[in-house]
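Summary of structural features
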Amino acid sequence: MSLVALDLALLARLVPNARSVYRAAFAQADAALAPTGVNATRLRLAHFLAQVCHETDGLTIRVESLNYSAPRLAQVWPSRFGDPAVAARYAHAPEKLAEKTYGGRMGNGPEGSGDGWKYVGRGLLQITGREAYETYGRALGIPLAEDPDLAISADWALKIAAAEWAASTRRGKTCNEMADADDVEGVTRAINGGLIGFASRKDWLRRWKSALGL
């Protein structure tokens, strides 16, 4: 099967501020993406890159920032921090906030166990939660749960993102299948669990489609 080669000059043009570790990861893109078929077509590659570029703000974010103000907390998690007094206790306290929001979820131990902070979002698709780190670590044969920063390493960042892409589904369809149908909403829901940042994801898709001649 013929694969779509990723032009690194094109990548540099669309994401000029990409971090060096991500540039190094994408230097291996053709081989890293091949096992999951992400680069089997230009349309699949465009959808994958659109999600990656949104999640990392143009390949600049490595680790999720939880340094929120109280008003922003109320916007992001209204059910948790709708009370201004509660929001104030977690404002600009990333570790405390991670334990509050991620503790007892996604395979993490309860709040205060340290898992919420240890397994915050990292990498190209912002892998989050102990369960995900363990799952993709097993899939790739690496100690990802023991060393979460492998998700932001040049050797593994792209392979982990491709594994997450391949495993994420929506109503029984894989991301590749939804990308083939040009279903950006379905892909977004599979990756994000909702439609957070949907306008940005669509804009990145438009840009990547244009860049890839679609």
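This report concerns the structure included in the present document. (Residues numbered from 1 in each chain as written. Predicted model: local features only at pLDDT ≥ 70, side-chain atom pairs only at ≥ 80, totals over all residues. Heavy atoms only, no water.)

Quick notes on the overall build of the protein
For the protein, the count of helices and strands is 14 helices and two strands. A compact globule built from 214 residues would reach a C-alpha radius of gyration of about 17 Å, and the protein, at 17 Å, matches this within 12%. Projected onto its principal axes, the C-alpha positions of the protein cover 55 × 35 × 35 Å. For the protein, buried positions account for 49% of its 214 residues. Within the protein, contacts between residues at least 6 apart in sequence are counted, and of these 56% link residues at least 24 apart. Total accessible area on the protein stands at roughly 10000 Å², and carbon and sulfur atoms take up 49% of it. Side-chain charges of the protein comprise 26 positive and 23 negative groups, with the mean position of each set lying 4 Å from the other. (Helix = DSSP H or I, 4+ residues; strand = E, 2+ residues; numbered from the N terminus. Rg over C-alpha atoms; globule rule 2.2 N^0.38 Å. Buried < 20%, exposed > 50% of the residue type's maximum accessible area, 1.4 Å probe, protein only. Contact = heavy atoms within 4.5 Å. Areas by Shrake-Rupley, 256 points an atom, 1.4 Å probe, with all protein chains shown as cover. Lys, Arg positive; Asp, Glu negative; His and termini not counted. Charge placed at Lys NZ, Arg CZ, Asp CG, Glu CD.)

Some points on the packing of aromatic side chains
On inspection of all chains with the given rule, the structure shows five aromatic pairs. Ring geometry for F48 and W165: centres 5.4 Å apart, planes at 85°, overall edge-to-face. Separated by 117 residues along the polypeptide, F48 in helix α4 (residues 42–55) and W165 in helix α11 (residues 157–167) bring together distant segments of the chain. For the ring pair Y119 and Y133, a centre distance of 5.1 Å and an interplane angle of 50° mean the geometry is tilted. With Y119 in the loop between α9 (115–118) and α10 (130–140) and Y133 in helix α10, this pair connects stretches of sequence that are 14 residues apart. With relative accessibility at 0%, the residue Y133 sits in the buried group. Clustering of aromatic rings is evident, with ring pairs tying together Y68, W77, F81 and Y90. Looking at K96, its charged tip hangs above the ring of Y90, at a distance of 5.0 Å from the centre. (Phe/Tyr/Trp six-rings, centres within 6.5 Å; stacked < 30°, edge-to-face > 60°. Lys NZ or Arg CZ within 6 Å of the ring centre and 35° of its normal.)

Observations concerning the packing of α4 against helix α13 (residues 184–192)
Taken N-terminus to C-terminus, the directions of α4 and α13 make an angle of 50°; their axes are 11 Å apart at the nearest point. Relative to α13, the element α4 is oriented oblique. Here α4 runs over α13; the crossing is right-handed. Of α13, the residues touching α4 (which contributes H47, Q51 and E55) are V184, V187, T188, I191 and N192. Considered class by class, the residues forming the contact of α4 with α13 number three nonpolar, four polar and one charged. (Axes fitted to C-alpha atoms, helices over the stretch in contact; angles between N-to-C directions. Parallel < 35°, antiparallel > 145°, perpendicular 65-115°, else oblique. Left-handed = near helix turned anticlockwise from the far one by under 90°. Nonpolar A, V, L, I, M, F, W, Y, C, P; charged D, E, K, R; others polar.)

Details of the environment of D203
Assignment of secondary structure puts D203 in helix α14 (residues 198–211). When the C-alpha positions of D203 and A50 are compared, they lie 8.0 Å apart, and in sequence the two are 153 residues distant.

Treat this as a map of the structure, not an account of what it does.
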